[in-house]
Amino acid sequence: MFSLLNIFRIVAFLEGLSYILLLFIATPVKYMLNEPQYVKLLGMPHGLLFIGYIVLTFLIKPDFSWNGKQFSFILFAAILPFGTFYVDKKYLKPAL
């Protein structure tokens, strides 16, 4: 039903979405309107999704023929805004 690849794609999407919300909505609201609760609300789920993304990347690596440069970029994409969406389109969708 749910393959490891599908779970990884879901976690990657949610991690990317939480990162974008944190960077472009919660953080500006915190500093412009002095409302820190949005950062607190999104921070923990984003952190857990980030860790899940990293762990799942290592778990699915044997299923793909990623070289060291590709694997490093896929890991690095977790800290780039919109990076996980790019990884999904470039490295994961062709595998389906």
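You'll find the structure just up there.
I will try to describe carefully the structure that is included in this document. All values derive from a computational prediction rather than experimental measurement.

Thresholds, definitions, all that
- Residues numbered from 1 in each chain as written.
- Predicted model: local features only at pLDDT ≥ 70, side-chain atom pairs only at ≥ 80, totals over all residues.
- Heavy atoms only, no water.
- Phe/Tyr/Trp six-rings, centres within 6.5 Å; stacked < 30°, edge-to-face > 60°.
- Helix = DSSP H or I, 4+ residues; strand = E, 2+ residues; numbered from the N terminus.
- Buried < 20%, exposed > 50% of the residue type's maximum accessible area, 1.4 Å probe, protein only.
- Salt bridge = Lys/Arg side-chain N within 4 Å of Asp/Glu carboxyl O.
- Contact = heavy atoms within 4.5 Å.
- Polar contact = N/O pair within 3.5 Å; in protein donor to acceptor, adjacent residues only side chain to side chain.

### Thoughts on the packing of aromatic side chains
Remark: the centre distance and the inter-plane angle together describe each pair of aromatic rings, the angle taken between the planes.
So, step 1. Across all of its chains, the model carries eight aromatic pairs by this definition.
So, step 2. Seen in terms of ring centroids, Phe 73 and Tyr 86 are 5.8 Å apart; in terms of plane orientation they differ by 90°. Their pairing is edge-to-face. Here the residue Phe 73 occupies a position in helix α3 (residues 68-76), and Tyr 86 occupies one in helix α4 (residues 83-92), the gap between them amounting to 13 residues.
So, step 3. When its relative accessible area of 27% is taken as the criterion, Phe 73 is described as partly exposed.

### Overview of the pattern of salt bridges
So, step 1. Counted according to the given criterion, the structure contains one salt bridge.
So, step 2. Between Arg 9 and Asp 88 there is a salt bridge whose closest N-O contact spans 2.5 Å. Of this pair, Arg 9 sits in helix α1 (residues 4-33) while Asp 88 sits in helix α4, and the two are 79 residues apart along the sequence. Taken as a pair, Arg 9 and Asp 88 share a single burial class, namely buried.

### So, the environment of Leu 21
So, step 1. Within the secondary structure, Leu 21 is located in helix α1.
So, step 2. Expressed as a C-alpha distance, the spacing of Leu 21 and Leu 42, which sit 21 residues apart in the sequence, is 7.8 Å.
So, step 3. Other than its neighbours up to four places away in sequence, Leu 21 contacts Ala 26 and Leu 42.

### So, the environment of Asp 88
So, step 1. Asp 88 sits in the buried class, given a relative accessible area of 17%.
So, step 2. For the pair Asp 88 and Phe 8, spaced 80 residues apart in sequence, the C-alpha separation works out to 9.4 Å.
So, step 3. In this structure, Asp 88 is in contact with Arg 9 and Lys 93, ignoring residues within four places of it in sequence.

### A few points about the side chain of Thr 84
So, step 1. Note that Thr 84 resides in helix α4.
So, step 2. Among the residues examined, Thr 84 registers a relative accessible area of 2% and is labelled buried.
So, step 3. A polar atom in the side chain of Thr 84 sits 3.0 Å from the backbone oxygen of Ala 12.
So, step 4. Look past the residues within four positions of Thr 84 in its chain and what remains in contact with it is Ala 12, Glu 15, Gly 16, Tyr 53, Ala 77 and Ala 78.

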